[in-house]
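Examination of the molecular architecture
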Amino acid sequence: MTQYDYDLFVIGAGSGGVRAARMAKRHGAGKVAVAEEYRVGGTCVIRGCVPKKLLVYASEFSKQFKLAESYGWDVGESTFSWEKLIEAKDAEIDRLSGIYWRNLSNSGVEIVEDRAVLDDAHTIRLVNSGKTVTADKILIAVGGAPFVPDIEGAELGITSNEAFHLETLPEHVVIAGGGYIACEFAQIFQGMGSKVCQVYRGDTVLRGFDDDIRSQVHSELVRSGVRVITHTVFEKIEDLGGGKKRVHLKNGNHVDADMVMYAIGRKPYVDGLGLENAGVELTENGAIKVDPYSKTTAENIYAVGDVTDRVNLTPVAIREGAAFAATVFGGKPSAYDHSDIASAVFTQPPVGSVGLSEADARKEFKNIDIYKTSFRPMKLSLTNIESRMMMKLVVDGDTQRVLGVHIVGPDAPEMIQLAGIAVKAGLTKDQYDAACAVHPTSAEELVTMNEKWTPPELKAAE
């Protein structure tokens, strides 16, 4: 008989923790529990990608109504109810959280509704009940939390967590940040009728993505009506009374709004977990330090998902959780490969990206071939909308292996899932070219681009 209360105790019932617990039971683990201090489902389901995409869908209709008129539809006068949207969104999140709960219960996993912290490497204290339990193996899957700047008046702003629960739609929004959360919410609010100003410290948005994606998204933000201010940050926020705030910028200017939102990154949610009591060390950036098998510096404690700050995406946390369960309880040591992971940004139009950017490829490979195109999507051909679609292939000039695929335009997230398979498999440009195009689609450009792109400065030199 085991000397511990549980064979596995998981802290955090998000996507990674839930998958790990269920897979551990499938591999034959004995008694398994998951502790969650808020709601089962974690960031993605409760206050992240799922409710965010529902808001994206809602905000797109204002553009679709205008588009419909070009195709002969008379849509009449339209109105929007933020309150009705949030009510419907909340009902859907309740449904999804319930599914996560039932899947855990049906798998034989005990759900503990409490905040769990570590007293030592095998002892977990449940803060609200005051109870302590022990476990042979512990998995930390608590995710991350939005970063709030240390500035005067910081308490006057909100994060993406609160943005999903606003009582009314703000009239004027100022958003700090240039990452995917900032860009997505800028167009969400703009599409619903808010005036939006986005403030970013860099030269253009979406740092870390291919430069052509960055410039295209920046242009589309401006085209959609978002005011983008670059090369500055918030200095302080002043309460003007009556719900109005004034954001003072370091460049000496200011912007007034009735809602201020921070979207300047997320940090691992490790504060107060008691990691030091269990010998769990952190990296320099405050994430839990793990090896390729997700083991921490404590022999029996593991961590997956955003709290490890490897690749902070929900599907990655799920795969890490499954690999952990296979390693520890399935007898099959598994280290998840974090290379060539496809990702999407639900801007309007959206982004799909997988593999190396052009800049990163040029650092790693001697010869790089670039194929890219920009065009108006066919759906816009009957309109005066000037939005563009951009597609790009980054190719190893020596082996012809496709190293990266980058798309901005309608259905880009759907395309990139399939392109991600090809990149992961190491297919070559010749193999792309051998595929027959599906016509008429935007995706056919992926297999019909046949002219290498030459930078303008090189063309001039020729």
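Note that the structure is a prediction, hence the values are computed from the model and not measured. (Residues numbered from 1 in each chain as written. Predicted model: local features only at pLDDT ≥ 70, side-chain atom pairs only at ≥ 80, totals over all residues. Heavy atoms only, no water.)

Regarding the overall build of the protein
What counts here: Where helices and strands are cited, they refer to DSSP runs of H or I of at least four residues and of E of at least two residues respectively, numbered from the N terminus. Three labels apply to residues, based on accessible area from a 1.4 Å probe with only protein chains included: buried if under 20% of the type maximum, exposed if over 50%, partly exposed otherwise in between. Contact between two residues is taken to exist if any of their heavy atoms lie within 4.5 Å; hydrogens are not considered. Using a 1.4 Å probe, the Shrake-Rupley method yields the accessible areas, and only the shown protein chains count as cover for residues. Only four residue types enter the tally: Lys and Arg on the positive side, Asp and Glu on the negative side, with His and both chain ends excluded. Taken as the charge location is NZ of Lys, CZ of Arg, CG of Asp or CD of Glu.
When its secondary structure is counted, the protein shows 14 helices and 21 strands. The principal-axis extents of the C-alpha atoms in the protein amount to approximately 75 × 65 × 45 Å. Burial analysis of the protein (462 residues in total) assigns 49% to the buried set. Counting only contacts in the protein whose residues sit at least 6 apart along the sequence, the fraction spanning at least 24 positions is 62%. Of the accessible surface of the protein, which amounts to about 22100 Å², a share of 49% is contributed by carbon and sulfur atoms. Seen as two clouds, the 50 positive and the 63 negative side-chain charges of the protein have centres 2 Å apart.

So, the nonpolar core
Operational definition: Take the buried residues of types Ala, Val, Leu, Ile, Met, Phe, Trp, Tyr and Cys, join any two whose side-chain atoms come within 4.5 Å, and each joined set is a nonpolar core.
By size, the foremost hydrophobic cluster in this structure holds 37 residues, and its most contacted members are Ile-175, Phe-185 and Phe-189. Looking at this core, the elements that each hand over two or more residues are α3 (49-70), α4 (82-106), β8 (172-176), α6 (180-191), α7 (211-224) and β14 (259-262). The residues touching Phe-189, leaving out its near neighbours within four places in the chain, are Trp-82, Leu-166, Leu-169, Pro-170, Val-173, Ser-194, Val-196, Met-259 and Met-261. If you look at the next biggest cluster of nonpolar residues, it comprises 26 residues, including Ala-35, Ile-124, Ile-138 and Val-270.

Quick word on the packing of helix α1 (residues 15-26) against helix α9 (residues 314-328)
Threshold: A fitted line through C-alpha atoms represents every axis, and for helices the fit uses only the stretch in contact; the resulting angles, taken between N-to-C directions, go from 0 to 180 degrees. Orientation labels follow simple angle bins: below 35 degrees gives roughly parallel, above 145 gives roughly antiparallel, 65 to 115 gives roughly perpendicular, and whatever is left gives oblique. Crossing handedness follows the turn of the near helix against the far one: under a right angle anticlockwise gives a left-handed crossing, and clockwise gives a right-handed one.
The contact between α1 and α9 brings their axes to 7 Å, and the two run at 25°. Classified by the angle their axes make, α1 and α9 are roughly parallel. As α1 runs across α9, the sense of the crossing is right-handed. Here Ser-15, Gly-16, Arg-19, Ala-20, Met-23 and Ala-24 of α1 lie close against α9, whose contacting residues are Thr-314, Ala-317, Ile-318, Gly-321, Ala-322, Phe-324 and Ala-325.

As for α7
Stated precisely, the cut-off is as follows: Each residue after the first adds 1.5 Å to the expected span of a helix.
Helix length check: α7, at 14 residues, gives a terminal C-alpha distance of 20 Å against a target of 20 Å (1.5 Å per residue), a fit within 8%. Immediately beyond the C-terminal end of α7, within one or two residues, lies Gly-225, with a positive phi of roughly 110°.

Some thoughts on the sheet that holds strand β11 (residues 234-241)
How we decide: A pair of strands is labelled paired if DSSP reports no fewer than 2 bridges between them.
Strands sit in the order β11-β12-β13 across an open sheet of three strands; the sheet is antiparallel. With one partner strand each, in any of the chains shown, β11 and β13 (254-257) form the two edges of the open sheet. The average angle at which neighbouring strand axes cross in this sheet is 20°, direction not considered. Bridge count between strand β12 (residues 244-249) and β13: four bridges; the pairing is antiparallel. By the bridge assignment for β13, Arg-246 is matched with Asp-256.

Details of unusual backbone geometry
In the segment running from Gln-348 into Pro-349, the intervening peptide bond is cis, with an omega of 5°. Residue placement: Pro-349 occurs in the loop between β17 (343-345) and β18 (351-355). A cis amide bond links His-439 with the next residue in sequence, Pro-440, at an omega value of -5°. Within the element layout of this structure, Pro-440 appears in the loop between α12 (429-434) and α13 (445-448). Of note in the backbone geometry, Asp-340 takes a positive phi value of approximately 55° without being a glycine.

Brief notes about the side chain of Glu-184
Within the fold, Glu-184 resides in helix α6. Discounting residues that sit within four places of it in the chain, Glu-184 has contacts with Lys-52, Val-345, Phe-346 and Thr-347.

Comments concerning the environment of Val-199
Along the chain, Val-199 falls in strand β9 (residues 195-200). Its relative accessible area of 3% is what places Val-199 among the buried residues. Filtering out sequence-adjacent residues up to four positions away, Val-199 remains in contact with Val-174, Ile-175, Ala-176, Gly-177, Ile-229, Thr-232, Val-233, Phe-234 and Leu-249.

So, a negative patch on the surface
Using the following cut-off: Within the patch definition used here, like charges are joined within 9 Å and nonpolar side chains (Val, Leu, Ile, Met, Phe, Trp, Tyr) within 5 Å, considering only residues with over 30% relative accessible area and no salt bridge. Every case where a carboxyl oxygen of Asp or Glu lies within 4 Å of a side-chain nitrogen of Lys or Arg is listed as a salt bridge.
A grouping of Glu-152, Glu-155, Glu-238 and Asp-239 is seen on the molecular surface, where their side chains present a negatively charged patch. You can see Glu-238 is positioned in strand β11.

Observations concerning the state of the cysteines
By definition, a disulfide links the sulfur atoms of two cysteines through a covalent bond. Rule in force here: Throughout, a disulfide means two cysteine sulfur atoms within 2.5 Å of one another.
Under the criterion given, the structure shown has one disulfide. The closest cysteine sulfur to the non-disulfide-bonded Cys-183 is located on Cys-197, 13 Å from its own sulfur.

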